[in-house]
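# A look at the structure
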Amino acid sequence: MLAAAVLIGTPGCNRRGSAQGSESHAGSDTQLTAAPPQTAPPEEAAAPEQAQNALPALSASERQTGISADWTIPRRYQGKRISTRVRYFPHKLLALTFDDGPNPELTPTVLKYLAAYGAHATFFVLGQAAQAHPELLRAIAAGGHTIGSHSYTHPATCTADQARSELARTAAAIQKATGERPTCFRPPYGIVDSKLTHLALSQGYCVFTWTISSADTAKIDAAGIAHNVIHTPNPGDLVLMHDGPGHRETVKALPQILKELGAAGFRFVSLPELLRAWDQWLATSGTKSAPGAATTQ
C-alpha cells in the first residue's frame, strides 16, 4: 500500500477544495489484487502544442456506431451522489477523471497517454466545449472512455430554468456527437447543494465528486501534480484532474502517474466500470452499505 502524503498546492478546483480535497483516505486491511501486465510506456514527450429514476434508453435509430464503452450505471447508484469510496474494496482500481474539456490542444495528448497504458478514464465535459469539438467526444468514446456532463457553462449558481438548460444542452451535445446520453454528472466547483445538482439527481444521473484531488488548479508543476496522485490512492479512489485550457502541467504529469501507479498494481477504469466492480463485490461480500446508497440530496 502506498503511504499517504500531504497534497502539494491547494486541493480541488478553485472553490472545489473545500468540498472533497481534504478528505482522509484510510487504508484497507483487505488483500489487494495483483497487477496485470502493463503495456510499454510511451517515449517521453514534450509539452503538448497547443434514482430510481432511470435515464431513458436510446432507441436503435438514435444510436451511432464507434462507441466502445458501456456507460451503464448500476441501478443502486442511479440518482445518487458518490463522494466516498467503498471501504475494504479489495481490487486495485482507480478512476481517473478529467474536467472542463474537451480541449483541442490537450485532450488528444491525454487520450494518447491513456491508450499507451491501456487505461480508461471519465471525461466530465462542458457542453459549450463539447458542441464546439464533437470530434473530440467521438475520439474519447471510441477509446473506451466515459463522457459525463459537467454542465454547459460551469456556473457556480443558477436558477431552476437555467439548470434545466445547462443539463439539457450538454446532454444534447454529447448525444449528437456520440449517440449516447450521459449517465454521470459532476457539479461545477463540486457544489452539491445547488439547483443544478438536485436536478441532475432527480433525472437519474449518478453525481460524482472525488476522493483524491490532484490540486492541478493551483499553480504547481507536473511533478507536484503527479506527487499528489501517486502518493495518496487506495483501491476504488476517484481522482480529480483537468484537461481544459491552462492545464498543460496536468497532461505532462499523466505519464508518470500511469507508469508508477500501474507498476504498483493499479488499473485505471472509467466511473461506470468502477461502479459495476463495486456492485459485483458488494453483492458477493456480504457488505451492507455502499457510497451513495442513501444519498439523494
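A short tour of the structure in this document, coming up. (Residues numbered from 1 in each chain as written. Predicted model: local features only at pLDDT ≥ 70, side-chain atom pairs only at ≥ 80, totals over all residues. Heavy atoms only, no water.)

For the rest of this paragraph, the subject is the overall build of the chain. A count of helical and extended segments in the chain gives nine helices and nine strands. In the chain, buried positions account for 55% of the 297 residues. As displayed, the chain offers around 12,400 Å² of accessible surface, 51% of which is attributable to carbon and sulfur atoms. (Helix = DSSP H or I, 4+ residues; strand = E, 2+ residues; numbered from the N terminus. Buried < 20%, exposed > 50% of the residue type's maximum accessible area, 1.4 Å probe, protein only. Areas by Shrake-Rupley, 256 points an atom, 1.4 Å probe, with all protein chains shown as cover.)

The residue Thr-250 is located in helix H8 (residues 248-263) in this model. Setting aside chain neighbours within four positions, we find Thr-250 in contact with Asp-216, Ile-225, Met-241 and His-242. (Contact = heavy atoms within 4.5 Å.)

Once that is clear, we can look at helix H2 (residues 107-116). Of the positions making up H2, those classed as buried are Thr-107, Thr-109, Val-110, Leu-111, Tyr-113 and Leu-114. The inward-facing, buried residues of H2 contact strand S2 (93-99), strand S3 (121-125), helix H4 (134-142) and H8.

Another point: the packing of aromatic side chains. The full count for this structure, using the stated rule, is five aromatic pairs. It is Lys-92 that lies over the ring of Phe-266; its NZ or CZ is 4.7 Å from the centre. In this arrangement the basic side chain of Arg-169 is found over the ring face of Tyr-152, its NZ or CZ atom lying 3.9 Å from the centre. (Phe/Tyr/Trp six-rings, centres within 6.5 Å; stacked < 30°, edge-to-face > 60°. Lys NZ or Arg CZ within 6 Å of the ring centre and 35° of its normal.)

Along the chain, Gln-131 turns up in helix H3 (residues 127-132). In this structure Gln-131 touches Tyr-152 and Ala-173, once residues within four positions along its chain are discounted.

This brings us to the packing of H4 against helix H5 (residues 160-178). Two quantities define a packed helix pair, namely the angle between the helix axes and the distance between the axes. It is the contact of H4 with H5, at a shortest axis distance of 8 Å, that shows an interaxial angle of 70°. Classed by the angle they form, the pair H4 and H5 counts as roughly perpendicular. At the point where H4 passes H5, the crossing takes the right-handed sense. Between H4 and H5, the residues in contact are Pro-134, Leu-137, Arg-138 and Ala-141 and Ala-173, Ile-174, Ala-177 and Thr-178, respectively. Across the contact of H4 with H5, the residue classes break down as six nonpolar, one polar and one charged. (Axes fitted to C-alpha atoms, helices over the stretch in contact; angles between N-to-C directions. Parallel < 35°, antiparallel > 145°, perpendicular 65-115°, else oblique. Left-handed = near helix turned anticlockwise from the far one by under 90°. Nonpolar A, V, L, I, M, F, W, Y, C, P; charged D, E, K, R; others polar.)

Once that is clear, we can look at the environment of Ala-163. By the element assignment, Ala-163 lies in helix H5. Classification of Ala-163 as buried rests on a relative accessible area of 1%. For Ala-163 and Tyr-152, which are eleven residues apart along the polypeptide, the C-alpha to C-alpha distance reads 9.4 Å. Setting aside residues up to four positions removed in sequence, Ala-163 forms contacts with Cys-158, Lys-195, Leu-196 and Leu-199.

Counting residues in hydrophobic clusters, the biggest one holds 42 residues, and the most contacted among them are Leu-96, Phe-98, Leu-114, Phe-123, Leu-254 and Leu-258. Every element with two or more residues in this core is listed here: S2, H2, S3, H4, H5, helix H7 (222-230), strand S8 (238-242) and H8. Looking at this core, the element that brings in the most residues is H8, giving six residues. Contact partners of Phe-123, with chain neighbours within four places excluded, come to Phe-98, Thr-107, Val-110, Leu-111, Leu-114, Ile-140, His-145, Thr-146, Ile-147, Gly-148 and Asp-243. The next biggest cluster of nonpolar side chains, apart from the first, holds 21 residues, and it includes Phe-89, Phe-124, Ala-277 and Leu-282. (Core = buried A, V, L, I, M, F, W, Y, C linked by side-chain atoms within 4.5 Å.)

Looking at helix H6 (residues 195-202), one finds that the buried residues are Leu-196, Thr-197, Leu-199, Ala-200 and Leu-201. Buried residues in H6 make contact with strand S1 (81-82), H5, strand S5 (184-185) and strand S6 (206-208). Once H6 finishes, Gly-204 follows within two positions and takes phi at roughly 95°, a positive value.

Turning next to the environment of Cys-184. Inspection of the secondary structure puts Cys-184 in strand S5. Relative accessible area serves as the criterion here: at 0%, Cys-184 is assigned to the buried category. On a C-alpha basis, the gap between Cys-184 and Pro-272 in space is 8.3 Å, while along the polypeptide they are 88 residues apart. If near-sequence neighbours (up to four positions away) are discounted, Cys-184 is found in contact with Ile-73, Phe-124, Thr-146, Gly-148, Ser-149, Tyr-205, Cys-206, Phe-208 and Pro-272.

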